[in-house]
Amino acid sequence: MTDNRFFNRSELIGILVLAVFLVAVLPLTLDVFRLNLVAKYLTYAFVALGLVICWGYGGILSLGQGVFFGLGGYCMAMFLKLEASSVENTKIQSTPGIPDFMDWNQLTALPFFWKPFHSLTFTVAAIVLVPGIFALIIGTAMFKRRVGGTYFAIITQAVAAILTILIVGQQGYTGGINGMTDLRTLKGWDIRPDHAKIALYFFEVGCLFVCILIAQFVRHSKLGRILVAMREKEDRVRFSGYSVANFKIFAFCIAAVFAAVGGAMFALNVGFMSPSFVGIVPSIEMVIYTAVGGRLSILGAIYGTLLVNFAKTSLSETFPELWLFGLGGLFIAVVLAFPNGLAGIWGDYVQPRIERLIASRKPKPEGWTDGSVADGAPAE
């Protein structure tokens, strides 16, 4: 029988444990610098959440999620950069009132597509709509023509490479290879001091739990069941009268929006945005986070993101040349030995033992015996 509860007992415990870990344990045990590192890691967790829906449940492997992460990050960075480029702050430039990299590239006026980003409301809408519409265009072009599997993964890689080249090449409009730096304030509120970093961390955690609830709703809805059926037997779902292409487009778009929210939070927490987070390599790393945590588990993807990034920070300081090889080896090992990642290990090995241990310690009902027959009944 299908469990229609929004959260079963195990999932509810997992949510509470994650909440206590992120809201209480880490802020109380880490200094501001380390907590800000965790905030940076959590920005990738948004991407991993989207991949659980897109790849785990929909069977759509996208190797270009860095594109949407970057689009969300650049939308937020444009607003922050405009606020940091007031006439007063840029009075030493040849053209005051425009971002410094535009002045260096001899632009004399703010480009027309930058002007709406003076508004925070427009910026928030753009963070959702720009990557969502871009994903809709790509998804419609691909899925309506039944392009999927390996071909779709390669195309998303090509899109990531093209966007990276475009950002680097249009230095006067995007900041080029250096990206957008010196992001200082949000509506006059300085985002650089320690207290601001802590406040942004808790805001990010709140946004993450909102995305978790949305992902959980999709998973338990009829839409989620159709996505799983589509992943297993696509032709059968199509012959049942459903538009497989539309469901794939939806899954791809929601993953793009989640990734964009993560990119926007990255720009806020880290204080810069560059094309190095848009290309093929970061996109593949994001897939690895999901695979390690478990592509079928919402919470597993978050824990996998935290674990891999913590290992990357720790080990790359000691073995900087070997870390990428280690990351590739980790991905291969997970795919071959534990295809469901950390969540699969927990579900297959750890959780059953815990449940048996709990069951063995429960008080036995009166008249219970170790045998299969009641007391006094003749044994066969």
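In what follows, the structure referred to is the one given above.
Residues numbered from 1 in each chain as written. Predicted model: local features only at pLDDT ≥ 70, side-chain atom pairs only at ≥ 80, totals over all residues. Heavy atoms only, no water.

J.: How would you sum up the overall build of the chain? Please name residues and give values.
T.: Of the regular secondary structure elements, the chain holds 15 helices and 2 strands. Referenced to the eigenvectors of the C-alpha coordinate spread, the extents of the chain come out at roughly 100 × 55 × 40 Å. Long-range pairs, those at least 24 residues apart, make up 76% of the contacts in the chain between residues at least 6 apart in sequence. Taken as two groups, the 29 positive and 23 negative side-chain charges of the chain have centres that lie 8 Å from each other. (Helix = DSSP H or I, 4+ residues; strand = E, 2+ residues; numbered from the N terminus. Contact = heavy atoms within 4.5 Å. Lys, Arg positive; Asp, Glu negative; His and termini not counted. Charge placed at Lys NZ, Arg CZ, Asp CG, Glu CD.)

J.: Describe helix α1 (residues 9-29), naming the residues involved and giving the relevant values.
T.: For α1, built from 21 residues, the straight-helix expectation of 30 Å at 1.5 Å per residue is met to within 8% by its first-to-last C-alpha distance of 28 Å. The sharpest bend along α1 measures roughly 35 degrees and falls at phenylalanine 21. Those residues of α1 lying buried are Glu11, Gly14, Ile15, Leu18, Leu22 and Leu26. Those residues of α1 hidden inside the fold are in contact with α2 (32-57), α8 (194-220) and α13 (298-318). (Expected span 1.5 Å × (residues − 1). Bend = angle between axes of the 7 residues up to and from the residue. Buried < 20%, exposed > 50% of the residue type's maximum accessible area, 1.4 Å probe, protein only.)

J.: Can you break down the pattern of salt bridges residue by residue, with the values?
T.: Taken as a whole and assessed by the stated rule, the structure comprises 8 salt bridges. Glutamate 234 is the salt-bridge partner of arginine 238, the closest N and O atoms lying 2.9 Å from each other. Linking arginine 238 with glutamate 234, this pair stays in helix α10 (residues 234-239), spanning 4 residues, or about one helical turn. The partner of arginine 238 in a salt bridge is aspartate 235, and the shortest N-O contact between them spans 3.0 Å. Of the two residues, arginine 238 and aspartate 235 both sit in helix α10, 3 residues apart, roughly one turn of that helix. You can call aspartate 235 partly exposed: its relative accessible area is 45%. (Salt bridge = Lys/Arg side-chain N within 4 Å of Asp/Glu carboxyl O.)

J.: I'd like to hear about the environment of asparagine 309, residue by residue, with values.
T.: Within the secondary structure, asparagine 309 is located in helix α13. Note on asparagine 309: relative accessible area 3%, which makes it buried. Through-space distance from the C-alpha of asparagine 309 to that of glutamate 285 is 9.7 Å; in sequence the pair is 24 residues apart. Here asparagine 309 is in contact with Tyr41, Tyr44 and Tyr289, once residues within four sequence places are set aside. Looking at asparagine 309, its side chain comes within polar contact range of the side chain of tyrosine 289, at 3.4 Å. (Polar contact = N/O pair within 3.5 Å; in protein donor to acceptor, adjacent residues only side chain to side chain.)

J.: Kindly report on the packing of aromatic side chains, identifying the contributing residues and their values.
T.: Under the counting rule described, the total for this entry stands at 18 aromatic pairs. Ring geometry for phenylalanine 113 and tyrosine 173: centres 5.9 Å apart, planes at 45 degrees, overall tilted. Taken together, the residues phenylalanine 113 in the loop between α4 (100-104) and α5 (120-143) and tyrosine 173 in helix α7 (residues 171-174) connect sequence positions 60 residues apart. For phenylalanine 113, a relative accessible area of 36% translates into the label partly exposed. Under the relative-accessibility criterion, tyrosine 173 is labelled partly exposed at 34%. A network of ring pairs unites the aromatic residues Tyr44, Phe69, Phe266, Phe272, Phe277 and Tyr289 as a single cluster. (Phe/Tyr/Trp six-rings, centres within 6.5 Å; stacked < 30°, edge-to-face > 60°.)

J.: Tell me about the environment of proline 96, and name the residues and values.
T.: Relative to the helices and strands, proline 96 resides in the loop between α3 (65-84) and α4. Judged by relative accessible area, which is 38%, proline 96 ranks as partly exposed. The spacing of proline 96 and serine 85 is 11 residues in sequence and 7.9 Å in space, taken between C-alpha atoms.

J.: Requested: an account of the packing of α2 against helix α11 (residues 244-270), with residues and values cited.
T.: Where α2 meets α11, the closest approach of the two axes is 7 Å, and the angle between their N-to-C directions is 175 degrees. The orientation of α2 with respect to α11, classified from their angle, is roughly antiparallel. Contacts between α2 and α11 involve Asn36, Ala39, Lys40, Thr43, Tyr44, Phe46, Val47, Leu49, Gly50, Leu51, Ile53 and Cys54 from the first element and Ala251, Phe252, Ile254, Ala255, Phe258, Ala259, Val261, Gly262, Met265, Phe266, Asn269 and Val270 from the second. Taken together, the residues of the contact of α2 with α11 sort by class into 18 nonpolar, 5 polar and 1 charged. (Axes fitted to C-alpha atoms, helices over the stretch in contact; angles between N-to-C directions. Parallel < 35°, antiparallel > 145°, perpendicular 65-115°, else oblique. Nonpolar A, V, L, I, M, F, W, Y, C, P; charged D, E, K, R; others polar.)

J.: Report on a nonpolar patch on the surface, specifying residues and quantitative values.
T.: Side chains of Phe338, Trp346, Tyr349, Val350, Ile354 and Ile358 sit close together on the surface and give an oily, nonpolar patch of about 560 Å² of accessible area. Structurally, the position occupied by isoleucine 354 is in helix α15 (residues 341-361). (Patch = residues over 30% accessible without salt bridge, like charges linked within 9 Å, V, L, I, M, F, W, Y side chains within 5 Å. Areas by Shrake-Rupley, 256 points an atom, 1.4 Å probe, with all protein chains shown as cover.)

J.: Describe in detail α2, supporting the description with residues and values.
T.: Its 26 residues give α2 an end-to-end C-alpha distance of 36 Å, which sits within 8% of 38 Å, the value for a rise of 1.5 Å per residue. Along α2, the sharpest change in direction is near 35 degrees and occurs at leucine 51. Counting buried positions over the 26 residues of α2 gives 21, a clear majority of the element. Where α2 begins, the side chain of aspartate 31 points an oxygen toward the backbone nitrogen of phenylalanine 33, at a separation of 3.3 Å.

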